[in-house]
Amino acid sequence: MVLPVSWSRARQELDAAIRLRAPRAVLGLGVSRTRPGVQVETRAVRLCADLPDVDGLRQADLGPGPEALGLRFDAAPLARQLGGTLSLDAGRYLCNAWLYWMLRDHPDLPAVFVHLGAFEDLPAERLRAALPGLLASC
């Protein structure tokens, strides 16, 4: 599914989809014009940049919870299979918020976020081939 770049709507739609679909794991994808290649995010932080979303709203703090949260599984095999690297910084915008919400609000559901560089061409078949490894490592 494609989530809106909206602080409130993205979270509502994400939570609704998880309740409806009951997934075994969740993979988030986002594009970042400032990142080289493929980066598998391993950590999200509670504080975000005070930037407006598509609705013109700002959200600098994601609410109660730890200052930072990390993945509860080894994402290195996924990064290798995707031809990417591990990252400790999911940014300070909605990609970071998505990962933070998943790790904080759905702790029993394995989740990972992958940033694609602006001009990165990640073939869908390569991504599909990596998913069983993701599920196995969770």
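J.: Tell me about the overall build of the protein, residues and numbers included.
T.: What the protein contains, in helices and strands, is 4 helices and 6 strands. Along the protein, helices and strands appear, N-terminal first, in the series α-β-β-β-β-α-β-α-β-α. Considering the protein as a whole, with its 138 residues, one finds that 43% of them fall into the buried category. In the protein, the share of contacts with a sequence separation of at least 24, taken over all contacts with a separation of at least 6, comes to 78%. Total accessible area on the protein stands at roughly 7500 Å², and carbon and sulfur atoms take up 56% of it.

J.: How would you summarise the sheet that holds strand β6 (residues 111-117) if you had to cite specific residues and measurements?
T.: Overall, mixed pairing links the 4 strands, which are arranged β1-β6-β2-β5 in an open sheet. Looking along the sheet, the strands with just one partner apiece sit at the ends: β1 (26-32) and β5 (85-87). The mean angle between the axes of side-by-side strands here comes to 30 degrees, regardless of whether they run parallel or antiparallel. Against the sheet, helix α3 (residues 94-105) touches β1, β2 (38-41) and β6, its axis set at about 165 degrees to β6.

J.: Please give an account of unusual backbone geometry that cites residues and values.
T.: Look at alanine 22: it is not a glycine, yet its phi comes out positive at around 45 degrees. Tracing the chain through its elements places alanine 22 in the loop between α1 (7-21) and β1.

J.: Tell me about the pattern of salt bridges, and please be specific about residues and values.
T.: Applying the stated rule across the entire model yields 7 salt bridges. Arginine 11 is the salt-bridge partner of aspartate 105, the closest N and O atoms lying 2.7 Å from each other. Taken together, the positions of aspartate 105 in helix α3 and arginine 11 in helix α1 put the pair 94 residues apart, joining distant regions of the chain. The salt bridge partner of aspartate 61 is arginine 46, with a shortest N-O separation of 3.1 Å. Remark: arginine 46 occurs in the loop between β3 (43-45) and β4 (68-70) and aspartate 61 occurs in the loop between β3 and β4; sequence separation between them is 15 residues. Aspartate 61 sits in the partly exposed class, given a relative accessible area of 36%.

J.: Hey, could you go over the packing of α1 against α3 for me, with residue numbers and the actual values?
T.: For the pair α1 and α3, interaxial distance at closest approach is 11 Å and the crossing angle is 40 degrees. In terms of orientation, α1 lies oblique with respect to α3. Helix-helix and strand crossings are classified by hand; for α1 and α3 the assignment is right-handed. For the pair formed by α1 and α3, the contact residues are Trp7, Ala10, Arg11, Leu14 and Ile18 on the first element and Leu94, Ala97, Trp98, Trp101, Met102, Arg104 and Asp105 on the second. In terms of residue class, the contact of α1 with α3 is built from 9 nonpolar, no polar and 3 charged.

J.: An account of the pairing of β6 is needed here, citing residue identities and associated values.
T.: Of all the 7 residues making up β6, 7 are buried; the element is thus mostly covered by neighbouring parts of the structure. By the alternation rule, side chains of β6 split into Ala111, Phe113, His115 and Gly117 and Val112, Val114 and Leu116, which are all buried. Pairing of β2 with β6, which is carried by 4 bridges, proceeds in the antiparallel orientation. When the bridges of β6 are listed, valine 40 appears paired with valine 114.

J.: Lay out the packing of aromatic side chains in plain terms, naming residues and giving numbers.
T.: A full pass over the atoms with the stated rule returns 2 aromatic pairs. An angle of 85 degrees between the planes, with centres 5.6 Å apart, marks the rings of tryptophan 7 and tyrosine 93 as edge-to-face. One end of the pair, tryptophan 7, is in helix α1; the other, tyrosine 93, is in the loop between β5 and α3, with 86 residues separating them in the sequence. Using a relative accessible area of 28% as the deciding quantity, one classes tyrosine 93 as partly exposed. Pairing tryptophan 98 with phenylalanine 113 gives two aromatic rings, centres 5.5 Å apart and planes at 55 degrees, and the pair type is tilted. Of this pair, tryptophan 98 sits in helix α3 while phenylalanine 113 sits in strand β6, and the two are 15 residues apart along the sequence. Taken as a pair, tryptophan 98 and phenylalanine 113 share a single burial class, namely buried.

Rules used throughout
- Residues numbered from 1 in each chain as written.
- Predicted model: local features only at pLDDT ≥ 70, side-chain atom pairs only at ≥ 80, totals over all residues.
- Heavy atoms only, no water.
- Helix = DSSP H or I, 4+ residues; strand = E, 2+ residues; numbered from the N terminus.
- Buried < 20%, exposed > 50% of the residue type's maximum accessible area, 1.4 Å probe, protein only.
- Contact = heavy atoms within 4.5 Å.
- Areas by Shrake-Rupley, 256 points an atom, 1.4 Å probe, with all protein chains shown as cover.
- Pairing = 2+ DSSP bridges.
- Axes fitted to C-alpha atoms, helices over the stretch in contact; angles between N-to-C directions.
- Salt bridge = Lys/Arg side-chain N within 4 Å of Asp/Glu carboxyl O.
- Parallel < 35°, antiparallel > 145°, perpendicular 65-115°, else oblique.
- Left-handed = near helix turned anticlockwise from the far one by under 90°.
- Nonpolar A, V, L, I, M, F, W, Y, C, P; charged D, E, K, R; others polar.
- Phe/Tyr/Trp six-rings, centres within 6.5 Å; stacked < 30°, edge-to-face > 60°.

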